[in-house]
Amino acid sequence: MKKLLPSGLVVGGCLVGLVAWLGSMPAAVADPCTVNCRSGQIQFTPGDRIIVQVVNTGSRPLSLEQPPLLGPRLLYTGNTFETRLNWAGQPKPSFFFWSQERLPVRARLNRPRPDTLRVELYNAPSEPSDRSITIEPDGRVMVK
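Nothing here was measured: the structure is a model prediction, and the numbers come from that model. (Residues numbered from 1 in each chain as written. Predicted model: local features only at pLDDT ≥ 70, side-chain atom pairs only at ≥ 80, totals over all residues. Heavy atoms only, no water.)

Colleague: Please give an account of the nonpolar core that cites residues and values.
Modeller: If you look at the biggest cluster of nonpolar residues, it comprises 26 residues, and the most contacted ones within it are Leu109, Leu117 and Ile133. Sequence-distant contacts of Leu109, defined by excluding residues within four places in its chain, comprise Val35, Asn36, Cys37, Arg38, Ser39, Ile42, Leu117, Arg118, Val119, Ile133, Val141 and Val143. (Core = buried A, V, L, I, M, F, W, Y, C linked by side-chain atoms within 4.5 Å. Buried < 20%, exposed > 50% of the residue type's maximum accessible area, 1.4 Å probe, protein only. Contact = heavy atoms within 4.5 Å.)

Encoded structure:
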């Protein structure tokens with residue numbers, strides 16, 4: 001006659017083995033994103049001075065605005081707008097951008113140096129369109 005183990009004992013043993021196996025693995029450390037980053041992958045230390053570069057890599061002129069410091073200005077293909085941000089004066093800095101022809105635009109985030117955010121704006125094949133870059137109070141860079 002066969003004897004069966006209680007199912008709780010089998011499940012409990014599996015869980016103990018899984019916990020022991022996971023505990024023996026080294027902790028994964030995420031590298032900070034520096035090239036072709038998505039929204040939320042780049043984070044700066046709040047309060048640090050940073051340089052923001054906005055580059056139009058698309059084939060048509062774009063409008064760029066950083067309220068309340070910079071009113072709408074035209075950014076032609078290949079042109080770069082660069083500014084230094086001081087978080088004390090502007091706790092949640094944002095940059096808004098749009099196509100003059102009302103066509104979709106996308107933003108690609110890069111961090112070429114620890115104190116620099118590079119935003120490359122380019123033509124999007126279809127909607128949805130990115131509209132802004134915001135540096136949140138905790139330092140995360142969000143594309144919206």
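Colleague: Run through the packing of aromatic side chains, naming residues and quoting values.
Modeller: All told, the structure shown has zero aromatic pairs when counted by the stated rule. Residue placement shows Arg108 over the ring face of Tyr122; its charged tip is 4.3 Å from the ring centre. (Phe/Tyr/Trp six-rings, centres within 6.5 Å; stacked < 30°, edge-to-face > 60°. Lys NZ or Arg CZ within 6 Å of the ring centre and 35° of its normal.)

Colleague: I'd like a description of the pairing of strand E3 (residues 70-75), backed by residues and values.
Modeller: Looking at chain direction, strand E2 (residues 62-66) and E3 are connected through four bridges and run antiparallel. Of the residues in E3, the one forming a bridge with Leu64 is Arg73. Hairpin connection from E2 to E3: three residues lie between these consecutive antiparallel strands. (Pairing = 2+ DSSP bridges. Helix = DSSP H or I, 4+ residues; strand = E, 2+ residues; numbered from the N terminus.)

Colleague: Lay out the sheet that holds strand E8 (residues 132-135) with the relevant residues and their values.
Modeller: Sheets are built from strands paired through backbone hydrogen bonds, the pairs being either parallel or antiparallel. Pairing in this open sheet of five strands is antiparallel, and the strands run E3-E2-E5-E8-E9 from one edge to the other. In this open sheet, the two edge strands, each paired with only one partner strand, are E3 and strand E9 (141-143). Strand-to-strand, the axes of this sheet are offset by a mean angle of 15°, without reference to chain direction. The sheet contact formed by E8 and E9 spans three bridges and is antiparallel. Counterpart to Thr134 in the pairing with E9 is Met142. (Axes fitted to C-alpha atoms, helices over the stretch in contact; angles between N-to-C directions.)

Colleague: So what's going on with the side chain of Thr134? Residues and values would help.
Modeller: With respect to the helices, strands and loops of the structure, Thr134 is situated in strand E8. Using a relative accessible area of 5% as the deciding quantity, one classes Thr134 as buried. A polar contact of 3.1 Å, which involves the side chain of Thr134, links it to the side chain of Ser94. Among all residues touching Thr134, those that are not within four sequence positions of it are Lys92, Pro93, Ser94, Arg140, Val141, Met142 and Lys144. (Polar contact = N/O pair within 3.5 Å; in protein donor to acceptor, adjacent residues only side chain to side chain.)

Colleague: Hey, could you go over the pattern of salt bridges for me, with residue numbers and the actual values?
Modeller: Following the criterion strictly, the structure yields seven salt bridges and no others. The salt bridge involving Glu120 is made with Arg108; its shortest N-O contact spans 3.0 Å. Remark: Arg108 occurs in strand E6 (residues 105-110) and Glu120 occurs in strand E7 (residues 116-123); sequence separation between them is 12 residues. Residue class for Arg108 comes out partly exposed when judged on its relative accessible area of 26%. (Salt bridge = Lys/Arg side-chain N within 4 Å of Asp/Glu carboxyl O.)

Colleague: Provide a residue-level description of unusual backbone geometry, including the pertinent values.
Modeller: Across the junction of Pro67 and Pro68, the peptide omega takes the value -5°, indicating a cis bond. Relative to the assigned elements, Pro68 resides in the loop between E2 and E3. Despite not being glycine, Asn36 shows a phi value in the positive range, around 50°. Its place among the elements puts Asn36 in the loop between helix H1 (7-24) and strand E1 (50-56). A relative accessible area of 49% means that Asn36 is categorised as partly exposed. Here the phi dihedral of Arg102 falls at roughly 60°; this positive angle occurs in a residue that is not glycine. If you trace the backbone, Arg102 turns up in the loop between strand E5 (94-99) and E6.

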